[in-house]
Number of protein chains: 2
Amino acid sequence: MDGYNQSRYLTPASRITVVAHLFGITALILLLVWLLHYRTGFDLDSSHPERVFNLHPFLMFFGFIFFAGEAAMAYKTIRASREVQKFCHMLFHLIAIVLGIVGIYTAFKFHNMQHISHMHSLHSWIGMITFCFFGLQWLFGFALFMFPKARPFTREMAMPWHISGGRALLYMAICTAETGLMQIEPLTSKFSLINFIGLFILFFGITVDLSIALGHYV
Amino acid sequence: MDGYNQSRYLTPASRITVVAHLFGITALILLLVWLLHYRTGFDLDSSHPERVFNLHPFLMFFGFIFFAGEAAMAYKTIRASREVQKFCHMLFHLIAIVLGIVGIYTAFKFHNMQHISHMHSLHSWIGMITFCFFGLQWLFGFALFMFPKARPFTREMAMPWHISGGRALLYMAICTAETGLMQIEPLTSKFSLINFIGLFILFFGITVDLSIALGHYV
C-alpha cells in the first residue's frame, strides 16, 4: 500500500472523485452566482449586515465542506507517496477548520448586528455539534496517526472508527448546509437557485463518500 | 457467515444497534409529543389541513426512516438464519416504501387543501430524489439478491454498491427530515422541541450507519 501506485488511479472509485469535483465546483459556482449576483456580495467589515452574512454560506461550503471533502479524498486524488497524501489529508482538514471558524464567526457577527439571539435554530445546533466533533476528530487523528503516533496495533484498531466517524461528520456537515439553505429567505424567482445549490452540495457529499467507501472494495 | 452465530451479538458494532434504537425511540416519542400535544394530532380524512399534514412527519420518520434503519440493521439485530435476516431486510424496506408513499401523499393532500404549489422547496426536491432512488435500490436489490437472483460473481460485484448506496440513501433521508423540520413554523416556546427531534433523528441515522460500517471491521 505504501508509495506511488499508478494503477490506483484507474479504479471506478477513483473515477467517482472526478464526478465529486464536478459536483463540488458546480455547487461553488452556483453559490457565488447567488451571493454575488442575486445578493449583495461579501464584506467582513461592512456595516451592511447582509454583506457580512453572505460570507457565512461561502466559507462554510467552500472553506469547510469543500476542503474537508478534498481532505477525505486526498488518498485517491494526490499522486504522491502515502506520507505526502497523509500530510495533505491532515493539512486540508486543518484549513477546513480554520476557514470554518471564520465562517461561524461571520454568522455570530451578523446575529450581533441584527440583535438576533445565537444558537436558536436546528441548523445552528447541528452545525455546532458537527464542528466540535470535527475538531475532536482532527485532534484524535493527529495524535493517533501523526504525532506522537500510537503503536501499530492501536492505529489499526482506531482506523475503522476514524473512517466511519469521518464519514458521519461529512454527512452531518452536508445536513447542516441543507438546513442552513432552508433558513434563508426563498428567492422570489420561480427558478429556485437555492434548491440547485442544495442538490449539488448533497451530490458532492454523496460522491465523496462513495469514492472512499467503494475504494475499499472496487 | 451462515446460520445462527451467538458471538456476533457481543461486538461493539452490535452494541451500537442498541444505542441506535434508543435514539430512534426517543425521536419517535418527542415527535408524538409534538404532533399530538403541541399540534392538533392526526386525521387523514380531516377537513382541518394541519391534522392531515401532521401525518407527514410521523409517517416519514416512523414509517420510512425508522423502518429503513431497522431493515439496514436486520443482519445485526435479528437472531435467526441469514436467509431469515435477508427476508426481513427486504420486507422492512418494503414496509418503509409503502408507509413512505402514504406519507408523501399526505403532504400533497395538504398542499391541495391549502392551494400551495407542489415540489417547490429544497426539502421536497431532496425528498423526492431520495425516495425515487430508494425505490430503485429496492428493485435492484430484490432482482440481484432475491428473485431471479444474479450469479454469485455478479452479486459479489454489486454488494459494495448496494451497501454504499444504501448508506448514502439513509443519510439523504436524514437530510430530508432535517430540512423538513426547518420548514415547519418554529415553536413559540424557548425550549425548542423541534431542535431535539431533529438531533435525535440525526443521531439515529449516524448510529445505524456506524453499527453497519463498524460491523465490517470490529
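None of these values were measured; they are calculated from a predicted model.

Moving on: the overall build of chain A. Regarding its fold elements, chain A presents seven helices and zero strands. Structurally, chain A occupies a C-alpha span of about 50 × 35 × 25 Å along its principal axes. For chain A, the proportion of contacts with a sequence separation of at least 24, taken over those separated by at least 6, is 71%. Of the roughly 10400 Å² of accessible surface on chain A, a fraction of 71% belongs to carbon and sulfur atoms. Taking the 14 positively charged and 10 negatively charged side chains of chain A as two groups, their mean positions are separated by 8 Å.

We now examine the nonpolar core. Membership of the largest hydrophobic core comes to 111 residues, with the highest contact counts inside it found for Trp34 and Phe61 of chain A together with Trp34 and Phe61 of chain B. Ranked by residue count, the leading element in this core is helix α7 (residues 193-215) of chain A, at 12 residues. Contact partners of Phe61 of chain A, with chain neighbours within four places excluded, come to Gly24, Ala27, Leu28, Leu31, Phe66, Ile201 and Phe204 of chain A.

Between chain B and chain A, the residue contacts involve 39 residues of the former and 40 residues of the latter. Interface of chain B and chain A: buried area, both sides summed, is about 3500 Å²; carbon and sulfur atoms make up 82% of it. On the chain B side of the interface with chain A, the three residues burying the most area are Leu122, Trp125 and Met182 of chain B, jointly 19% of the side's total. Where chain B packs against chain A, one counts two salt bridges. Across the pair Arg167 of chain A and Asp209 of chain B runs a salt bridge whose closest N-O atoms are separated by 3.9 Å. Summed over the shared surface of chain B and chain A, the result is four residue pairs in polar contact (both at pLDDT 80 or more). The set of elements that each furnish at least two residues to the side of chain B that touches chain A consists of α1 (12-38), α5 (122-145), α6 (152-183) and α7 (193-213) of chain B. Of the residues that constitute the side of chain B that touches chain A, the class distribution is 25 nonpolar, 11 polar and three charged.

Residue and element names in this part refer to chain B. Scanning the model with the defined rule gives 33 aromatic pairs over all chains in all. A ring pair is formed by Phe42 and Phe58, whose centres lie 4.9 Å apart and whose planes are at 35°; its orientation type is tilted. Remark: Phe58 occurs in helix α3 (residues 55-77) and Phe42 occurs in the loop between α1 and α2 (49-53); sequence separation between them is 16 residues. Residue classification places Phe58 among the buried residues on the basis of a relative accessible area of 17%.

Glancing now at the pattern of salt bridges. Within the structure shown, the criterion is met by seven salt bridges over all chains. Between Arg39 of chain B and Glu50 of chain B there is a salt bridge; the shortest N-O distance is 4.0 Å. One end of the pair, Arg39 of chain B, is in the loop between α1 and α2; the other, Glu50 of chain B, is in helix α2, with 11 residues separating them in the sequence. According to the relative accessible area criterion, Arg39 of chain B is buried, its value standing at 12%. Residue classification places Glu50 of chain B among the partly exposed residues on the basis of a relative accessible area of 22%. Salt bridges sharing common partners tie together Arg167 and Asp209 of chain A together with Arg167 and Asp209 of chain B.

Our focus in this paragraph is unusual backbone geometry. All names here are of chain A. In this model, Phe147 is joined to Pro148 through a cis peptide bond whose omega is 0°. The topology assignment puts Pro148 in the loop between α5 (122-145) and α6 (152-183). Despite not being glycine, Met119 shows a phi value in the positive range, around 55°. Within the element layout of this structure, Met119 appears in the loop between α4 (82-114) and α5.

Next up on the list: the packing of α3 of chain B against α7 of chain B. Two quantities define a packed helix pair, namely the angle between the axes and the distance from one axis to the other. Residues and elements named next belong to chain B. Relative orientation of the contacting elements α3 and α7 amounts to 20°, with a least axis distance of 9 Å. In terms of orientation, α3 and α7 fall into the roughly parallel class. Every pair of crossing elements has a handedness; the one defined by α3 and α7 is left-handed. Residues Phe61, Ile65, Phe66, Gly69, Ala72, Met73 and Lys76 of α3 lie in contact with α7, whose contacting residues are Ile201, Phe204, Val208, Ser211 and Ile212. Grouping the constituent residues of the contact of α3 with α7 by class yields nine nonpolar, two polar and one charged.

Turning our attention to α1 of chain B. Helix length check: α1 of chain B (27 residues) gives 38 Å between terminal C-alpha atoms against 39 Å at 1.5 Å per residue, within 8%. Ala13, Ser14, Ile16, Thr17, Ala20, Gly24, Ala27, Leu28, Leu31, Trp34 and Leu35 of chain B are the residues of α1 of chain B that are buried. Where α1 of chain B is buried, its residues touch α6 of chain A together with α3, α6 and α7 of chain B.

Next up on the list: the UniProt feature "transmembrane region" (unreviewed entry) in chain A. Residue and element names in this part refer to chain A. Look at the UniProt record and you will see "transmembrane region" (unreviewed entry) annotated at residues 12-35, 55-75, 87-105, 125-147 and 196-217. Taken as a whole, residues 55-75 contains 100% helix and 0% strand, while its terminal C-alpha atoms sit 30 Å from one another. Span residues 87-105 is 100% helix and 0% strand, its end C-alpha atoms 27 Å apart.

So, how was this worked out
- Residues numbered from 1 in each chain as written.
- Chains lettered and ligands numbered in written order.
- Predicted model: local features only at pLDDT ≥ 70, side-chain atom pairs only at ≥ 80, totals over all residues.
- Heavy atoms only, no water.
- Helix = DSSP H or I, 4+ residues; strand = E, 2+ residues; numbered from the N terminus.
- Contact = heavy atoms within 4.5 Å.
- Areas by Shrake-Rupley, 256 points an atom, 1.4 Å probe, with all protein chains shown as cover.
- Lys, Arg positive; Asp, Glu negative; His and termini not counted.
- Charge placed at Lys NZ, Arg CZ, Asp CG, Glu CD.
- Core = buried A, V, L, I, M, F, W, Y, C linked by side-chain atoms within 4.5 Å.
- Buried < 20%, exposed > 50% of the residue type's maximum accessible area, 1.4 Å probe, protein only.
- Buried area = accessible area lost by both parts, 1.4 Å probe.
- Salt bridge = Lys/Arg side-chain N within 4 Å of Asp/Glu carboxyl O.
- Polar contact = N/O pair within 3.5 Å; in protein donor to acceptor, adjacent residues only side chain to side chain.
- Nonpolar A, V, L, I, M, F, W, Y, C, P; charged D, E, K, R; others polar.
- Phe/Tyr/Trp six-rings, centres within 6.5 Å; stacked < 30°, edge-to-face > 60°.
- Axes fitted to C-alpha atoms, helices over the stretch in contact; angles between N-to-C directions.
- Parallel < 35°, antiparallel > 145°, perpendicular 65-115°, else oblique.
- Left-handed = near helix turned anticlockwise from the far one by under 90°.
- Expected span 1.5 Å × (residues − 1).
- UniProt positions renumbered as here; feature names shortened; annotations may be inferred.

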